[in-house]
Every structure is written in structure tokens, then in C-alpha cells.
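Spelled out from the first residue to the last, the chains are:
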Amino acid sequence: MKRPRTHSLAVLTALLAAAFLLRVVGLGDVPLRGDEAFAVRYWADAPATVVRDLAHWEPHPLGTFLSFWAWKSTAGSSEFAMRALSLLGGWLGMAATGALARTLLRSRRAAPVALALAALHPFLIWHAQDARNYALWFGASSLAMWLFLRAAARNRRSDWVLYLIAETVALYFFFLEAFLLVVQAAYLVAQRRPRRVVTAALRVWLVLGILL
């Protein structure tokens, strides 16, 4: 019984490593494009300046600006350093994608297939090498969705708290995450989850609304 699990873990680890290599090679070779340069210069500005000026007209939530500022303050402003933030966000999304596939399809074999597809997907590779907030959203959103499914299945307070944290982060990265809340509500209805689960979800969404 241990051998199949060990083999599965080795495959998943290899796929995640391959995905990382595909994204890190040449990460800092190309100069920042226009939107990237704007993000590095203005999104990563001091929080007081961003809140006073940029947040009023830039169509992204405050979490995006704060994450870029914190990362730039720590890692520096080079092409490689700033794109590494997106790479890590996209890489987290890769792992969450495998977990989502396994949970939704209820099969261990689904995880490596999903990981392989995500590892090679040109769209995901491109955004993981782009100093913008979309890969960060992908990572936080995928993790939040998996944590939601786990919380809906177990209905434990700790699981709901973890989901709340991840979902809050995802919404602070990109406004369109709100559409996935509708998907989650539809999932509860379609799966005919018990009333106690629905009640717990409603409570979490109420707290989420306050946090936003």
C-alpha cells in the first residue's frame, strides 16, 4: 500500500519541479513590458501614496498593490525578482489544481493528469513569468476553491477559517474572484449539502463581506 502512494508522491513532485523549471528558465532575460513596468513602478509604491492616489482609479484591489510593495521592498526591483512573485503564485496554483482535480473527480490519477496539463499550459506559463497580479490570483483562487470543497465536506471550523483566509486574499488580488463565490453557492445547492454546511458557509461569507 505504501509503494503506490510513494510512487504517486514522486510523480507529483517531479511534475511540480518540471513546472517550476519551465517557468524559472529565462525569467529575467526579457526587459519589463509596459504593464509590468507600470506595476513595478506604481503598484509597488509606498502604501500611503497608493491609497491616496492609485487606488482611486486603478481597477485592482488593494491587496495587489500591497503585495507588490512588500515583495519589491524585500526582493528588489529587477526583472527576475519581480517576476518571481508571479512565478510563486502560479506555482501554488499548480499544486492546488492537482488537489482540486483529485477532490472533484475522486481519483488519485486525476491529480498528475491535471498537474501535467497545467505545467505545460502556455497561458499559465506566460502569466507565471509576467509581473502582474493574475498568477497571484490564480494561486490564491485555486487554493481557496480547494479549501472550500474540503470545508464543505468536513464542516470543521478550522477548515472554514482556512478557506476564509484564502478567499479573502484571492478577492484582494482580483475583483473577478467574486464570480467564484456564486459558483461555490451553486455547488452547495447542486450537491444538496446539509443545512448545517450551508449555514456555516453563509456565516463565512458574511465575515468575508465585512473583511472586504
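None of these values were measured; they are calculated from a predicted model.

### Some words on the side chain of S86
For step 1, the next point in the chain: Secondary-structure assignment places S86 in helix α5 (residues 79-105).
For step 2, the next point in the chain: Polar side-chain contacts of S86 include one of 3.1 Å to the backbone oxygen of R132.
For step 3, the next point in the chain: Beyond its immediate stretch of four places on either side in the chain, S86 contacts H127, A128, D130, A131, R132, A135 and L136.

### Examining a nonpolar patch on the surface
For step 1, the next point in the chain: On the surface, V51, L62, L66 and W69 cluster together into a nonpolar patch covering about 310 Å² of accessible area.
For step 2, the next point in the chain: In terms of residues, the nonpolar patch owes the most to one element, helix α4 (residues 62-75), which gives three residues.
For step 3, the next point in the chain: Secondary-structure assignment places V51 in helix α3 (residues 47-52).
For step 4, the next point in the chain: The class of V51 is partly exposed, set by a relative accessible area of 44%.

### Things to note about the nonpolar core
For step 1, the next point in the chain: Grouped together as the largest cluster of nonpolar side chains are 21 residues, with contacts concentrated most on F148, W160, Y163, L181, L188, W205 and L208.
For step 2, the next point in the chain: Elements that contribute at least two residues to this core include exactly α8 (134-154), α9 (157-173), α10 (178-190) and α11 (195-211).
For step 3, the next point in the chain: Excluding anything up to four places from it in sequence, L188 contacts F148, A152, R193, V197, V198, A201 and W205.
For step 4, the next point in the chain: Of all hydrophobic cores here, the second largest spans 15 residues; its members include A39, F68, L85 and A170.

### What to know about the pattern of salt bridges
For step 1, the next point in the chain: Considering all chains together, one arrives at seven salt bridges under this definition.
For step 2, the next point in the chain: The salt bridge partner of R41 is D45, with a shortest N-O separation of 3.7 Å.
For step 3, the next point in the chain: Because the salt bridges share partners, they merge into one network encompassing R33, D35 and D130.

### A closer look at the side chain of S142
For step 1, the next point in the chain: Of note, S142 is situated in helix α8.
For step 2, the next point in the chain: Since its relative accessible area comes to 9%, S142 is described here as buried.
For step 3, the next point in the chain: Within polar-contact distance, the side chain of S142 engages the backbone oxygen of F138 at 2.8 Å.
For step 4, the next point in the chain: Residues within four places of S142 in sequence aside, it is in contact with G93, A96, T97, L100 and W137.

### Considerations on unusual backbone geometry
For step 1, the next point in the chain: With phi around 55°, N155 is a residue other than glycine that occupies positive phi space.
For step 2, the next point in the chain: Within the fold, N155 resides in the loop between α8 and α9.
For step 3, the next point in the chain: Notably, R192 is not glycine yet its phi reads approximately 55°, a positive angle.
For step 4, the next point in the chain: Taking relative accessible area as the criterion, R192 reaches 75% and is therefore assigned exposed.

### A look at α4
For step 1, the next point in the chain: Here α4 contains 14 residues, and its C-alpha end-to-end distance of 20 Å stays within 8% of the 20 Å for a straight helix at 1.5 Å per residue.
For step 2, the next point in the chain: Looking at α4, one finds that the buried residues are G63, T64, F65, S67 and F68.
For step 3, the next point in the chain: Remark: G76 follows α4 within two positions and exhibits a positive phi of approximately 100°.

### Notes on the packing of aromatic side chains
For step 1, the next point in the chain: Going through the model one piece at a time under the given rule, you end up with twelve aromatic pairs.
For step 2, the next point in the chain: Considering the side-chain rings of W43 and F68, the 5.2 Å spacing of their centres and the 90° angle between planes classify their relative orientation as edge-to-face. With W43 in helix α2 (residues 34-43) and F68 in helix α4, this residue pair connects regions lying 25 residues apart in the sequence.
For step 3, the next point in the chain: With a relative accessible area of 0%, F68 lands in the buried category.
For step 4, the next point in the chain: Through a chain of ring-to-ring contacts, three or more aromatic side chains come together here, namely F148, W160, Y163, Y187 and W205.

### With respect to the packing of α5 against α8
For step 1, the next point in the chain: Orientation of α5 relative to α8, taken along the N-to-C sense of each, is 25°, at an axis distance of 7 Å. One finds that α5 runs roughly parallel with respect to α8. Seen from above, α5 lies across α8 with left-handed handedness.
For step 2, the next point in the chain: Residue composition of the contact of α5 with α8, grouped by class: 14 nonpolar, eight polar and no charged.

Calculation criteria
- Residues numbered from 1 in each chain as written.
- Predicted model: local features only at pLDDT ≥ 70, side-chain atom pairs only at ≥ 80, totals over all residues.
- Heavy atoms only, no water.
- Helix = DSSP H or I, 4+ residues; strand = E, 2+ residues; numbered from the N terminus.
- Polar contact = N/O pair within 3.5 Å; in protein donor to acceptor, adjacent residues only side chain to side chain.
- Contact = heavy atoms within 4.5 Å.
- Patch = residues over 30% accessible without salt bridge, like charges linked within 9 Å, V, L, I, M, F, W, Y side chains within 5 Å.
- Areas by Shrake-Rupley, 256 points an atom, 1.4 Å probe, with all protein chains shown as cover.
- Salt bridge = Lys/Arg side-chain N within 4 Å of Asp/Glu carboxyl O.
- Buried < 20%, exposed > 50% of the residue type's maximum accessible area, 1.4 Å probe, protein only.
- Core = buried A, V, L, I, M, F, W, Y, C linked by side-chain atoms within 4.5 Å.
- Expected span 1.5 Å × (residues − 1).
- Phe/Tyr/Trp six-rings, centres within 6.5 Å; stacked < 30°, edge-to-face > 60°.
- Axes fitted to C-alpha atoms, helices over the stretch in contact; angles between N-to-C directions.
- Parallel < 35°, antiparallel > 145°, perpendicular 65-115°, else oblique.
- Left-handed = near helix turned anticlockwise from the far one by under 90°.
- Nonpolar A, V, L, I, M, F, W, Y, C, P; charged D, E, K, R; others polar.

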